[in-house]
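Single-letter residue listing:
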Amino acid sequence: MIASVLPTISPGTLLAGGVTATAASLWLLLPRGQSGAAERTSRWLGTLLGLAALACFVATGHRLGGLGEEAVFLIVSLVAVISGAATVVTRSPVYSAIWFAMALAGVAGVLLVLGAQFLGVATIVVYAGAILVMFLFVLMLAAPAGLAPYDRVSNEPLLSAVAGAVLLGILSLSIGRLTAEPPLCCRMPSKTAAIAGNAAADPVPAASEAGVDLLIENHVARLGGELFGRHLLAVEVAGVLLLVALIGSIAIVSRAASADGTVAPARRAVP
Amino acid sequence: MTPAPLVLDGLVVGAILFSLGLVGILARRNLIVMFLCAELMLQGISVSLVAWSRHHGDWGGHVLVIFVLTVAACEAAVALVFVLQAFARTGRLDSAAWQSLRESNLPRTVDHELPAVDVLPLKFPKLTPAGVEPSVDQDALLEREHV
């Protein structure tokens, strides 16, 4: 009977029900300082709810194909956007940095959903692991106790908020225009059709077909091949840039410290 | 050709992150928070690049994001050194502390009077007063109702 009823419910409802039932059953099963009949009742209820949740998940399992990606994208993008807003508006700089870490987690999720597996992991490792910790170090070194006055007052808050909102509106408009049909004057035949000289060829290649290439199994190997093949020179330049930044930051620190006089001057080489 | 819905969503998320970072870098005065907002803008750019890369089905966007990561690391290192130097000279992380570097025809930023800090005074928990330790039945401590 259950097998005939369950498929009629939509997979989203089933999934939501399964998640809710899992949470409720775990809560019921965990020890909460009860005893006697109440404990036994909650155990039974929890076991039943857990079984129902399992049934929901099993019934959902193979039908989540289209739903999963959109739902996950919605969740991680909400995390990214809300944490980004909190980064900007939080008064305390330390909390701002922590919110930025949360925004990084959301952005990494967005990158993963969009098919950039290596970049999602690299964002977590490089940004949240290295750059953000450096920010926090400097904050701990330099931030005064309590809220500084410059953290409590913004520089032209109204103007900058309006500027950001207008920029966002313009960007959204231009993104929305991507979905609209291009006007006749600008409609051009695609490159392949032009090369073939065949005007009757379909000018619209399938979008999904193009995206498949990024979702193959050996994703990282392909990305590495692209990076160290076509862009080898750029990789070398990036390495030089890292070296220059390293030397430059050390040089700035040591020279400024010696010129300031607060720190012992750097030892000069004896001629 | 029309981008897939997921690509459009990615572009919108990138635009929102970029705008938020722009607002922060314009409005905030703490130098470190300004740099955090710049990093937020870079994140928005990265999301947009990956979305376009998915749309076109090639690796250019991914490679570009890797270089964005590299340059962001360099930029953070050098910029934080400058911030530390600025802090050592002025004792503040305030960007308005350096407003003598502005153009000569621009007015000076003057802070209006701020209301007093509305943060409540710190409250520490009161420890229970210590006294004579009551006598405890050691057998009752070892007993359990059931195992």
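Residues numbered from 1 in each chain as written. Chains lettered and ligands numbered in written order. Predicted model: local features only at pLDDT ≥ 70, side-chain atom pairs only at ≥ 80, totals over all residues. Heavy atoms only, no water.

K.L.:
Would you mind going over the overall build of chain A with me for this structure?
P.N.:
Helix and strand content of chain A: 12 helices and zero strands. The order of helices and strands in chain A, counted from the N terminus, is α-α-α-α-α-α-α-α-α-α-α-α. The burial tally for chain A puts 27% of its 271 residues in the buried class. If you take every contact in chain A between residues at least 6 apart in sequence, the share linking residues at least 24 apart comes to 59%. Summed over its atoms, the accessible surface of chain A is roughly 17,200 Å², and 73% of this surface lies on carbon and sulfur atoms. (Helix = DSSP H or I, 4+ residues; strand = E, 2+ residues; numbered from the N terminus. Buried < 20%, exposed > 50% of the residue type's maximum accessible area, 1.4 Å probe, protein only. Contact = heavy atoms within 4.5 Å. Areas by Shrake-Rupley, 256 points an atom, 1.4 Å probe, with all protein chains shown as cover.)

K.L.:
Which parts of the structure should I look at to understand the confidence of the model for chain B?
P.N.:
Any segment with low pLDDT has predicted coordinates that should not be analysed in fine detail. For chain B, the mean per-residue pLDDT works out to 85, and 89% of the residues sit at or above 70. Looking across chain B, the model is least confident in helix α4 (residues 138-142) of chain B, with a mean pLDDT of 76, and most confident in helix α2 (residues 31-56) of chain B, with 93. (pLDDT = per-residue confidence, 0-100.)

K.L.:
Which parts of the structure should I look at to understand a nonpolar patch on the surface?
P.N.:
Residue and element names in this part refer to chain A. Together, Tyr95, Ile98, Trp99 and Met102 line one region of the surface with nonpolar side chains, adding up to about 440 Å² of accessible area. In this fold, methionine 102 is placed in helix α5 (residues 93-113). By relative accessible area, which is 42% here, methionine 102 ends up partly exposed. (Patch = residues over 30% accessible without salt bridge, like charges linked within 9 Å, V, L, I, M, F, W, Y side chains within 5 Å. Salt bridge = Lys/Arg side-chain N within 4 Å of Asp/Glu carboxyl O.)

K.L.:
Hey, could you run me through the pattern of salt bridges in this one?
P.N.:
Close approach of charged atoms allows side chains of opposite charge to pair. One pass over the full model with this rule turns up four salt bridges over all chains. Residues Asp151(A) and Arg28(B) are paired through a salt bridge, measuring 3.9 Å at the closest nitrogen-oxygen approach. Highlighted residues: Asp151(A) in helix α7 (residues 149-152) and Arg28(B) in the loop between α1 (5-27) and α2, drawn from two different chains. Looking at Arg28(B), the relative accessible area reads 7%, which means it is buried. Residue Asp94(B) pairs with Arg29(B) through a salt bridge whose shortest N-O separation is 2.7 Å. Of this pair, Asp94(B) sits in the loop between α3 (60-90) and α4 while Arg29(B) is found in the loop between α1 and α2, placing the two residues 65 residues apart along the sequence.

K.L.:
Mind showing me how you'd approach the packing of α1(B) against α2(B) here?
P.N.:
Any two packed helices are characterised by how steeply their axes cross, that is the angle between the axes, and by the distance between the axes. Residues and elements named next belong to chain B. At their nearest, the axes of α1 and α2 sit 8 Å apart, and the two run at 165° to each other. In terms of orientation, α1 and α2 fall into the roughly antiparallel class. Like other packed secondary-structure pairs, α1 and α2 cross with a definite hand, here left-handed. For the contact of α1 with α2, the class distribution of residues is 19 nonpolar, seven polar and one charged. (Axes fitted to C-alpha atoms, helices over the stretch in contact; angles between N-to-C directions. Parallel < 35°, antiparallel > 145°, perpendicular 65-115°, else oblique. Left-handed = near helix turned anticlockwise from the far one by under 90°. Nonpolar A, V, L, I, M, F, W, Y, C, P; charged D, E, K, R; others polar.)

K.L.:
Help me understand the side chain of Thr90(A) in this model?
P.N.:
Mapping Thr90(A) onto the fold places it in the loop between α4 (65-89) and α5. Since its relative accessible area comes to 16%, Thr90(A) is described here as buried. Separated by 2.2 Å, the side chain of Thr90(A) and the backbone oxygen of Ala86(A) make a polar contact. In contact with Thr90(A), other than residues within four places in its own chain, are Tyr95(A), Ser96(A), Trp99(A) and Arg28(B). (Polar contact = N/O pair within 3.5 Å; in protein donor to acceptor, adjacent residues only side chain to side chain.)

K.L.:
I would appreciate a short explanation of the layout of surface pockets in the present structure.
P.N.:
Summary: where empty space remains is shown by rolling a probe the size of a single water molecule over the atoms. In this structure, the second largest pocket spans a volume of roughly 300 Å³. Around the second largest pocket sit 13 residues that line it, and Asn155(A), Ala96(B), Gln99(B), Arg102(B) and Thr109(B) are the ones nearest its centre. Considered class by class, the residues forming the lining of the second largest pocket number five nonpolar, four polar and four charged. (1 Å grid on protein atoms, 1.4 Å probe; cavity = no way out; pocket = protein on both sides within 12 Å on 5 of 7 lines; lining within 4 Å. Points joined across faces, edges and corners; volume = space filled by probe spheres on them.)

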